[in-house]
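Examination of the molecular architecture
Spelled out, the chains give:
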Amino acid sequence: MARLTVNGRSVEVNVNPSTPLLWAIREQLGLTGTKYGCGVAQCGACTVHLDGKAVRSCVMPVAAAEGKQVTTIEGLASNGVLHKVQKAWVDYEVPQCGYCQAGLIMAVAALLKDKPKPTDADIDASITNICRCGTFQQVREAIHAAAQA
């Protein structure tokens, strides 16, 4: 058993400590907004926050998350109010198929926490998530809009 704090809630998951956090989140807790993409931390579909930092949960063992705050896309909004990145995503019609969007939103939310007014160079360096639909221009516009909010 591992004890985690996910979206502000203390939970126990019955998994091997080396199990990727992604599978504990999806299979044990039923929080399916975090997606499996590549399994090797390249695409970013599985991005969650660990103590406020964006991490790729497909390669993060559950044991590394114990004693830390895990935030998934389901926990990003507060009291029914969308996070400013989620709102910008809607306003700028970023999603196409939507599969990678939760991971992108989580990566951007972490970026804006660390750099409230990112430059294009900051965005290029920090947001390495892959979107097969190619919505990168809308992503950049939405990031700049969220930074202004």
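Keep in mind that what you see is a predicted model, and the values were worked out from it rather than measured.

Calculation criteria
- Residues numbered from 1 in each chain as written.
- Predicted model: local features only at pLDDT ≥ 70, side-chain atom pairs only at ≥ 80, totals over all residues.
- Heavy atoms only, no water.
- Helix = DSSP H or I, 4+ residues; strand = E, 2+ residues; numbered from the N terminus.
- Rg over C-alpha atoms; globule rule 2.2 N^0.38 Å.
- Buried < 20%, exposed > 50% of the residue type's maximum accessible area, 1.4 Å probe, protein only.
- Contact = heavy atoms within 4.5 Å.
- Phe/Tyr/Trp six-rings, centres within 6.5 Å; stacked < 30°, edge-to-face > 60°.
- Lys NZ or Arg CZ within 6 Å of the ring centre and 35° of its normal.
- Pairing = 2+ DSSP bridges.
- 1 Å grid on protein atoms, 1.4 Å probe; cavity = no way out; pocket = protein on both sides within 12 Å on 5 of 7 lines; lining within 4 Å.
- Points joined across faces, edges and corners; volume = space filled by probe spheres on them.
- Nonpolar A, V, L, I, M, F, W, Y, C, P; charged D, E, K, R; others polar.
- Axes fitted to C-alpha atoms, helices over the stretch in contact; angles between N-to-C directions.

On to the overall build of the protein, then. Of the regular secondary structure elements, the protein holds six helices and five strands. Tracing the protein from N to C terminus, the helices and strands come up as β-β-α-β-β-α-β-α-α-α-α. Compactness check: the protein gives a C-alpha radius of gyration of 15 Å against a globular reference of 15 Å for 149 residues, within 12% of the reference. With respect to the principal axes defined by its C-alpha atoms, the protein has extents near 45 × 30 × 25 Å. Counting only residues that meet the buried cut, the protein has 43% of its 149 residues in that class. A sequence separation of at least 24 residues applies to 56% of the contacts in the protein between residues at least 6 apart.

On to the packing of aromatic side chains. Within the structure shown, the criterion is met by one aromatic pair. Positioned over the ring face of Tyr99 is Lys35, at 6.0 Å from the centre of the ring.

Moving on, we get to the environment of Ala65. Of note, Ala65 is situated in helix H2 (residues 62–65). Once the C-alpha coordinates of Ala65 and Glu93 are considered, the two residues, 28 residues apart in sequence, prove to be 33 Å apart. Once residues within four sequence positions are removed from consideration, Ala65 is found in contact with Leu4, Leu21, Leu50 and Val70.

Turning to unusual backbone geometry, a few remarks are in order. Phi at Ala41 takes a positive value of approximately 65°, unusual for a residue other than glycine. Mapped onto the elements of the fold, Ala41 is located in the loop between helix H1 (21–28) and strand S3 (47–50). With a relative accessible area of 23%, Ala41 lands in the partly exposed category. One non-glycine residue, Asp51, lies in positive phi territory at about 50°. Locating Asp51 in the fold gives a position in the loop between S3 and strand S4 (53–56).

Looking now at the pairing of S4. Relative to S4, S3 runs antiparallel, the two sharing four bridges. Each residue of the ladder has a partner; that of Val48, found in S4, is Val55. The turn linking S3 back onto S4 is made up of two residues, and Asp51 within it adopts a positive phi angle of 50°.

Of the volumes computed, that of the largest pocket is approximately 170 Å³. For the lining of the largest pocket, the residue count by class is eight nonpolar, one polar and one charged.

Below, the discussion takes up the sheet that holds strand S2 (residues 9–13). The strand order across the open sheet built from five strands is S2-S1-S5-S3-S4, with neighbouring strands paired in mixed fashion. Each edge of the sheet is formed by a strand with only one pairing partner; in this case those strands are S2 and S4. On average, each strand axis in the sheet is inclined to that of its neighbour by 40°, with strand direction left out of account. Relative to strand S5 (residues 69–71), strand S1 (residues 2–6) is paired through two bridges, and the arrangement is parallel.

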